[in-house]
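# What the coordinates show
Here are the chains, one letter per residue:
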Amino acid sequence: MDHHTVSEKCLLHNAIYVINNKNAGNGEKERKYLMRKKILSVILALAMLACMLPLGGIVAFAESSFAGGDGSESDPYQISTLEQLTALAEEVNDVTDYSGTYFILTDDIGELNDDGTVKAGLETPIGNGCCFAGNFDGDGHTVVLNMSKSSDCYFGLFGNIANGGTVSDVITAGIVSGSAGASMFGGICGYLDDGCTITGCTNKATVTGEDGACQFAGICGYNNIGTLADCKNTANITGENANTFGGICGHNYKDAVIRNCGNSGIITGSGSCYEFGGVCGHNAGTIENSANSGSVAGINASQFGGIAGANYSSVKDCCNFGSVEGVNSSSFAGISGFSGSSTADGTSGDISASVNTGSVSGDENSEDFGAVCGVFDDEIKISKKKKKNK
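These numbers were taken from a predicted model, which means no experiment stands behind them.

### Quick word on unusual backbone geometry
- Backbone geometry places Met184, a non-glycine residue, at a positive phi of 55°.
- Mapping Met184 onto the fold places it in strand S11 (residues 183-186).
- For Met184, a relative accessible area of 12% puts it in the buried group.
- For Glu275, which is not a glycine, the phi torsion comes out positive at approximately 55°.
- Here Glu275 is to be found in strand S26 (residues 274-277).

The following block contains the structure:
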């Protein structure tokens, strides 16, 4: 098998041409032969060095994109500037998923003005269409986001997390907004795939969807069989002519999990909005041991609640402390606005061991609202939280 590269073959061809030159005399030939032999050795050495340069160049480029580290679990790539985080986003979007690679923030990224507006922030999602499959540790640092997208999907700090990717202990601030049918966006990520996790993260970035936007939230827009654990949202989440949004998750798909999460931000839906909640908009997975203390309000809206807007699977050990109010709205409640079975998901709604202490109110034009559930079909189960014996 020929192991020579094109560059090696060219260099060898030139060397052989020199050696095979027959214009010299007999005595001169031997002297020139020895000289050319030395030249050939040098050329071959240079050819071998040339073959090594591309690999070395790639490694040097990857390492130079960050502040330090080698990408291993014991020595993760260090990110300390907006430029370095943007470089990561561009490399992932250029189909480098960084599977098995580790990253850590060593400083806050971006800056807010005194009035809370964005002075400098990340504008490019990490994994917009292409996925991030690495392990990202925020180490308690904040990333300021500055993202406004129209008719786009997969955006937030991370756009698409897949193939075992993990994100932990990062705080987001700034703004994330989508319009004209934008979907799957959030403060931490837009889309979380099967087996991936987001843990210990906090969103402080305002998230807004309008004009047909859907599946957006403070933490994750669409959770596709991933796990959201120990996360919280403190920012306002607003939808106008939008659907499927919440403080923690927009759409929690079948077998996806939301665990030990909390929302304290204000959740508002107006103008034909539906499926939105303090924790989740549409739940076909599991929401457990989670709470909402932010107010949830719907104007000309339907299917919204303190925990979930629409529940097609399991809500258990959850508490709502926030007020839920409807104006010219229907199907809203302290725990879930609607709960029932889903033919598409093959699931059935179940609310267990969950408590509402927040006020639930509607104007004279509102209907089907209650303390626990607004509307439910005959197949779902609602059970009270068990009291401990004194």
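What follows picks up the thread again.
### So, the nonpolar core
- Counting 65 residues, the largest nonpolar core has Leu85, Leu88, Phe136, Ile198 and Leu228 as the members making the most contacts within it.
- Counting only elements with at least two residues in this core, the list comes to strand S1 (77-79), helix H3 (82-93), strand S2 (102-105), strand S6 (142-150), strand S8 (158-161) and strand S12 (189-192).
- With 4 residues, the top contributor of residues to this core is H3.

### A look at H3
- Along its 12 residues, H3 runs 16 Å from first to last C-alpha, staying within 8% of the 16 Å computed at 1.5 Å per residue.
- Taken as a whole, H3 has its buried residues at Gln84, Leu85, Thr86, Ala87, Leu88, Ala89, Glu91 and Val92.
- Just beyond H3, the residue with positive phi is Val95, at close to 65°.

### Topic: the pattern of salt bridges
- Taken as a whole and judged by the stated rule, the model has 3 salt bridges.
- For Arg259, the salt bridge is made with Glu288, and the minimal N-O distance between the two is 2.7 Å. Here Arg259 is found in strand S23 (residues 257-259), whereas its partner Glu288 is found in strand S28 (residues 286-288), with 29 residues between them in sequence.
- Residue Arg259 is classed as partly exposed on the basis of its relative accessible area of 32%.
- Note that Lys316 and Glu288 form a salt bridge whose closest N and O atoms lie 3.7 Å from each other. Of the two residues, Lys316 is situated in strand S33 (residues 314-316) and Glu288 in strand S28; the sequence distance between them amounts to 28 residues.
- With a relative accessible area of 30%, Lys316 lands in the partly exposed category.

### Overview of the packing of aromatic side chains
- Scanning the model with the defined rule gives 18 aromatic pairs in all.
- A ring pair is formed by Tyr98 and Phe103, whose centres lie 5.1 Å apart and whose planes are at 85°; its orientation type is edge-to-face. Comparing Tyr98 with Phe103 shows no difference in burial state: the two are buried.
- Judged by centre distance (4.7 Å) and plane angle (5°), the rings of Phe332 and Phe369 are stacked. Taken as a pair, Phe332 in strand S36 (residues 330-333) and Phe369 in strand S43 (residues 367-370) lie far apart in primary sequence, 37 residues in all.
- On the basis of relative accessible area, Phe369 is assigned to the partly exposed category, the value being 34%.
- By the ring-pair criterion, three or more aromatic residues cluster together here, those being Phe155, Phe185, Phe216, Phe245, Phe276, Phe304, Phe332 and Phe369.

### Concerning the state of the cysteines
- The full count for this structure, using the stated rule, is 0 disulfides.
- Cys189 takes part in no disulfide bond, and the closest cysteine sulfur, belonging to Cys220, lies 3.5 Å away.
- In this structure Cys189 comes out as buried when scored by relative accessible area, which is 0%.
- The thiol sulfur of Cys261 is not disulfide-bonded, and the nearest other cysteine sulfur, from Cys231, lies at 4.8 Å.
- The buried category is assigned to Cys261, whose relative accessible area is 4%.

Here is what the cut-offs are and how they apply
- Residues numbered from 1 in each chain as written.
- Predicted model: local features only at pLDDT ≥ 70, side-chain atom pairs only at ≥ 80, totals over all residues.
- Heavy atoms only, no water.
- Helix = DSSP H or I, 4+ residues; strand = E, 2+ residues; numbered from the N terminus.
- Buried < 20%, exposed > 50% of the residue type's maximum accessible area, 1.4 Å probe, protein only.
- Core = buried A, V, L, I, M, F, W, Y, C linked by side-chain atoms within 4.5 Å.
- Expected span 1.5 Å × (residues − 1).
- Salt bridge = Lys/Arg side-chain N within 4 Å of Asp/Glu carboxyl O.
- Phe/Tyr/Trp six-rings, centres within 6.5 Å; stacked < 30°, edge-to-face > 60°.
- Disulfide = S-S within 2.5 Å.

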